[in-house]
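Read off the chains here:
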Amino acid sequence: MSAPEPAGQFIENRTFAELAVGDTAQSVRTLTPRDISLFAVMSGDVNPAHVDAAYAATDMFHGVIAHGMWGAALISAVLGTQLPGPGTIFLDQSLSFKAPVALGDTITTRITVTEKLNKGRVLLACACINQDGVTVIDGIARVIAPSDKVHRPRFVLPEVTLHAPAAQYARLIAATTDLTPVRTAVVHPCDALSLTGALDAAARGIIVPVLIGPAGRIAAAAKAAGRDLGTIEVIDVPHSHAAAATAVALAKAGKVAALMQGALQTDELMAAVMDAALGLRTERLMSHVYALDVPTYAKPLLITDAAINVAPDLSAKRDIVQNAIQLAQALGTAHPKVAILAAVETVTPRMPATLHAAALCKMADRGQITGGVLDGPLAFDNAISPAAAAAKGIVSPVAGQADILVAPDLESAGMMAKQLIYLAGADAAGLVMGASVPIILTNPADSAWARLASCALARLVIG
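The following refers to the structure shown. (Residues numbered from 1 in each chain as written. Predicted model: local features only at pLDDT ≥ 70, side-chain atom pairs only at ≥ 80, totals over all residues. Heavy atoms only, no water.)

**Regarding helix α7 (residues 215-225)**
Where α7 is concerned, the buried positions are Ile218, Ala221 and Ala222. The buried residues of α7 occupy an angular sector of 100° when the element is viewed end-on, so they sit on one face. Of the residues in α7, the exposed ones pointing more than 90 degrees away from the buried face are Gly216, Lys223 and Ala224. Those residues of α7 hidden inside the fold are in contact with α6 (192-203), β9 (207-213) and β10 (233-236). After α7 finishes, the residue Gly226 shows a positive phi value of roughly 70°. (Buried < 20%, exposed > 50% of the residue type's maximum accessible area, 1.4 Å probe, protein only. Helix = DSSP H or I, 4+ residues; strand = E, 2+ residues; numbered from the N terminus. Arc of directions from axis to C-beta. Contact = heavy atoms within 4.5 Å.)

Here it is as C-alpha cells:
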C-alpha cells in the first residue's frame, strides 16, 4: 500500500459522473491592500475607489473597496480548482453585486451544484459571503464538467514583490515643497538628458538653475529636448573645464548654493571642486553618498563611498561616516543606523576592514563620530536582513535595519550599488558631501526620478 499524499499538495477534480446535486465547495479569503494592488496591476483598473484612500474616503462607501471582479475571481478559483476543478470549461456566468467588500473583510466563496444537464453541462450556484453573513455577490455559473479524472501536484505560486516606483524619492521630493528653491550651478548641461534633469527640478520648485557652458550648445540641447529656456540664466563659457571653474567660483562667492553635474566627467568637475586654492574644501574630507530606492527595502538605503575615495584609511572613513550621517539626518532620520561593512561580522586581524569597523564603532563611543548609531563589522546580509542577523545570533540596534552601509573601499561600494540598481531594480540618487556646498553627481543611466531626488537631497541638506 502506498503512503498517503500530504494534504494540500495536490489538486483533484470531480468528474461529471461524480457530481451530484447539492455538492458544495468553498474557500475563505481576507481582503488585504496587497490583493487590491495585485488585481489593479493585473487588470489595469486603477479606479481611485480601489487604490486611492483619500478619494475613497469621500465616496459613498467611505473607504477603499475591492474591485467587483476580485470577488468574481474568487468564484472562478473555486470552480477551477475544487468544484468541478481542473478540466472545467466555463460557458457563462451571471453575477449580482449586492454589497461592497472592504479592506479586512473575510469572504467565504461557496459553490453548490444545482442541476446536471445533458452533454456534461452543470449549473452551479455561486455566492460570496462576508464575515457578518452578508451576501456580497451571488449568481449562477454554467460549465462543462470534466469527463476525465485529474490528480496533479498543486502549482506553487511565485513570490510577487510590490513596489511603487520611486516611492521613497517621492517622499523626499515632497519634503521640499515648502522650501525656497536654491540657486544651483548646472555645470556644462550640453545634452538633452542633463539639461532636462535640471529643468524638471526647476519646474518642481526645488532649484533655480544657473546654466554654465557654451551657450550655443546649451541652446541646441534645449531644442533637442523640446524645452524652452525662457528667462533661465545662462553663463556662456567656452568649454567644460571653464564651466567647472566658473561654477566653483560662484559657489565660493556665495552666489549659488549647490552644484549639479551636467555632461562632463565626474573627475573633471571634482578636480575643480577639490583644488587646494580655488576649490570648495572644508575641514572634512569629501565623499559621495548614494541614496538608493530599493524595491525590497522599506526605507532609503544610503551607500558610501562609491565615487571619490578609492582606498580610504581610518581617518578618511571617519569623515565618510560623518558625511553620510549628516545626509541621513537631512532626510529626516534623527539617529541613523550605520552598518560598517566587511566580508564577515567578526573582528579578524588578517582583514583590515574588520579592524577599521571596530575602530570606527569605538570612535563613535568616544564622540569622534556623532549623530548615528554604529555597529560593525557586519556582513552585507546581516546588515540589511533581520533574518540573517538572527541566524547569526547578532543582537544589535543596527543589524537587519541599517540606514547607511559604509563599504570598505570604493570598488566594493560601487559594485554593491550597481548590483542593487541592475539586479534589484533600485533607483540611485547621489550627492557629494563634505564640500562647502552639496554637489549633485549624475549618471547617464539615472532615471528622471533619480535626478529629481538628487536635487531634493541637495535642497534638504541646505535646509
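After that view of the structure, there is still more to cover.
**Things to note about the pairing of β10**
Where a strand is regular, its side chains alternate between the two sheet faces. In terms of strand pairing, β9 meets β10 through 4 bridges, oriented parallel. Bridge assignment links Val210 to a residue of β10, and that residue is Glu233. After leaving β9, the chain enters α7 and then returns to the sheet as β10, a path that is right-handed. (Pairing = 2+ DSSP bridges. Right-handed = clockwise from strand over helix to strand, strands pointing away.)

**Some details on the side chain of Arg459**
Note that Arg459 resides in helix α15 (residues 448-462). Although Arg459 is buried, it forms no salt bridge, and the closest oppositely charged side chain is Asp178 at an N-O distance of 11 Å. At 2.6 Å, the side chain of Arg459 and the backbone oxygen of Thr180 are in polar contact. Among the polar contacts made by the side chain of Arg459, one reaches the main-chain carbonyl oxygen of Gly463 at a distance of 2.7 Å. Residues in contact with Arg459, not counting those within four places in the same chain, are Thr176, Leu179, Thr180, Pro181, Val182 and Ile206. (Lys, Arg positive; Asp, Glu negative; His and termini not counted. Salt bridge = Lys/Arg side-chain N within 4 Å of Asp/Glu carboxyl O. Polar contact = N/O pair within 3.5 Å; in protein donor to acceptor, adjacent residues only side chain to side chain.)

**Quick look at the nonpolar core**
Val321 and Leu374 are the most contacted members of the largest nonpolar core, which totals 53 residues. The element that contributes the greatest number of residues to this core is α15, accounting for 8 residues. (Core = buried A, V, L, I, M, F, W, Y, C linked by side-chain atoms within 4.5 Å.)

**Points about the sheet that holds strand β3 (residues 89-97)**
Spatial ordering of the open sheet is given by β2-β4-β5-β6-β3, a layout of 5 strands whose pairing is antiparallel. The strands lining the two open edges of the sheet, one partner per strand, are β2 (24-30) and β3. With direction set aside, neighbouring strand axes in the sheet form an average angle of 20°. Judged from the 7 bridges that link them, β2 and strand β4 (residues 106-116) form a sheet pairing that is antiparallel. Looking at the pairing, Ala25 lines up with Ile111 of β4. (Axes fitted to C-alpha atoms, helices over the stretch in contact; angles between N-to-C directions.)

**Thoughts on the packing of aromatic side chains**
Applying the stated criterion to the full structure yields 0 aromatic pairs. Directly above the ring of Phe16 sits Lys116, whose terminal nitrogen or CZ lies 4.3 Å from the centroid. (Phe/Tyr/Trp six-rings, centres within 6.5 Å; stacked < 30°, edge-to-face > 60°. Lys NZ or Arg CZ within 6 Å of the ring centre and 35° of its normal.)

**Some thoughts on helix α8 (residues 240-252)**
Structurally, the α-helix is built with 3.6 residues per turn, so residues lying three or four positions apart point the same way. Between the first and last C-alpha of α8 there are 18 Å, a value that for 13 residues agrees with the 18 Å anticipated at 1.5 Å per step. Within α8 the residues assigned to the buried category are Ser240, Ala242, Ala243, Ala244, Ala247, Val248, Leu250 and Ala251. Taken together, the buried residues of α8 touch β8 (182-187), β9, β10, β11 (258-261) and α9 (266-273). Once α8 finishes, Gly254 follows within two positions and takes phi at roughly 80°, a positive value. (Expected span 1.5 Å × (residues − 1).)

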